[in-house]
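Tertiary structure, described
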Amino acid sequence: MDYARSDTLAIKILIAGGFGVGKTTMVSAVSEIQPLSTEELLSDRGARVDDTSGVEAKTTTTVALDFGRITLREGLWIYLFGTPGQDRFWFMWDELAIGALGAVVLADTRRLGDAFPAVDFFEQRRIPYMVAVNLFDGARRHDPAVIRRALAVPAHVPLVPCDARDRESAKEVLLTLVRHAREMSRVGAN
Amino acid sequence: MAADEDPEPGPLVRMFAVTGGRARPVGEAFDVIAVVTTIGMPYDQAGLSPEHLAALRLATRPITVADIGTRLRLPLNITRVLLGDLRREGLVSIDPPAATAGVLNERIYQEVLNGLRAL
């Protein structure tokens, strides 16, 4: 096989969480490119979940999907995908999640409940994930143990504070996730 | 060109024109970060759109589906339809990304960790 091809690896990490929690901010903090927003054209599946009561059913709709890239070396890339925040686009998560190294669930202490669907999603699919609590300006600091309990996040899942705007903080979050994913793969292998 | 005098068609119109209205690629499904590599050039370019040819040029070095979509300014699923066509014609290979290929081993985890620390 062509050396260049076999030596090329792309790794996918998802940044999930509720609408407006800072997913795009985190992607842009650590990505080497401006987060790219691609308008995804949805066909049948998207249209069916639309509430089209009394309206001619739409056959297409669009949803923005943000992603960024980190080049670790020539031929080794990490792609960060900000998952669509609206629940009705859950089926896009499904496809994005296949083959992902892991996921960061961003949480906002003012709206902790918004993180539930994402935590639930990754728990059910046994995808390695962690929770990063985005400390917005003026956000009240909470005891991590309280947040863990509120989100029903198991003890082995990392839960850390972060500042989604800060590159070093975002990097630290990704390092934590990759270490956790490696740990999970070791456990799974035994 | 006369077409340039027309107002820019809406994005949806352009997308449908590119894929002939198709929303799903032919053949086996592939990931948004699957790695695409051009393995042949067409003898006959009839039947290939400018977007097909642009994708072939981009993939002369291995490149992900996501990056091709970005460079062509096309949504990922439209990009995948085009790449599915090229694969059917035997012009590109589309290789699964790391995790789905089951190659995320200790060495790669370590390389990723080292790479992230060095950023």
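Residues numbered from 1 in each chain as written. Chains lettered and ligands numbered in written order. Predicted model: local features only at pLDDT ≥ 70, side-chain atom pairs only at ≥ 80, totals over all residues. Heavy atoms only, no water.

Brief notes about the pattern of salt bridges
Two side chains that carry opposite charge are able to pair once their charged atoms sit near each other. One pass over the structure, following the stated rule, counts 16 salt bridges over all chains. In this structure, D31 of chain B engages K12 of chain A in a salt bridge whose closest nitrogen and oxygen atoms are separated by 2.7 Å. Taken as a pair, D31 of chain B in the loop between α1 (11-19) and β1 (35-38) and K12 of chain A in strand β1 (residues 9-17) lie in two separate chains rather than in one. Like D31 of chain B, the residue K12 of chain A is buried in the burial classification. Between E106 of chain B and R186 of chain A there is a salt bridge whose closest N-O contact spans 2.7 Å. Of the two residues, E106 of chain B is situated in helix α5 (residues 106-117) and R186 of chain A in helix α7 (residues 167-189); the pairing between them involves two chains. The exposure class assigned to E106 of chain B is partly exposed, which follows from its relative accessible area of 37%. (Salt bridge = Lys/Arg side-chain N within 4 Å of Asp/Glu carboxyl O. Helix = DSSP H or I, 4+ residues; strand = E, 2+ residues; numbered from the N terminus. Buried < 20%, exposed > 50% of the residue type's maximum accessible area, 1.4 Å probe, protein only.)

A look at the sheet that holds β1 of chain B
Taken in spatial order, the 3 strands line up as β2-β1-β3 (chain B) in an open sheet, and their pairing is antiparallel. Each having just a single partner strand, β2 (63-64) and β3 (92-95) of chain B make up the two edges of the open sheet. (Pairing = 2+ DSSP bridges.)

Overview of the packing of helix α3 (residues 65-72) of chain B against helix α4 (residues 76-88) of chain B
All names here are of chain B. The interhelical angle for the contact between α3 and α4, taken along N-to-C directions, is 105°, at an axis separation of 9 Å. Overall, the two elements α3 and α4 adopt an arrangement that is roughly perpendicular. Where α3 approaches α4, its residues V65, A66, I68 and G69 are matched on the opposing element by L76, T79, R80 and L83. Its residues assigned to classes, the contact of α3 with α4 shows 5 nonpolar, 2 polar and 1 charged. (Axes fitted to C-alpha atoms, helices over the stretch in contact; angles between N-to-C directions. Parallel < 35°, antiparallel > 145°, perpendicular 65-115°, else oblique. Contact = heavy atoms within 4.5 Å. Nonpolar A, V, L, I, M, F, W, Y, C, P; charged D, E, K, R; others polar.)

Considering the packing of helix α2 (residues 50-58) of chain B against α4 of chain B
All names here are of chain B. The N-to-C vectors of α2 and α4 enclose an angle of 75°; their axes lie 10 Å apart at closest approach. On the basis of their axis angle, the class for α2 and α4 is roughly perpendicular. Counting all contacts with α2, which are made through E51, H52, A55 and L56, the residues of α4 involved are L82, L83, D85 and L86. Residues belonging to the contact of α2 with α4 are distributed by class as follows: 5 nonpolar, 1 polar and 2 charged.

Brief notes about the side chain of S31 of chain A
Residues and elements named next belong to chain A. Summarising the element assignment, S31 is placed in the loop between α2 (23-30) and β2 (36-42). Among the residues examined, S31 registers a relative accessible area of 10% and is labelled buried. Within polar-contact distance, the side chain of S31 engages the backbone nitrogen of R69 at 2.9 Å. With sequence-adjacent residues up to four places away left out, S31 is seen in contact with G68, R69 and I70. (Polar contact = N/O pair within 3.5 Å; in protein donor to acceptor, adjacent residues only side chain to side chain.)

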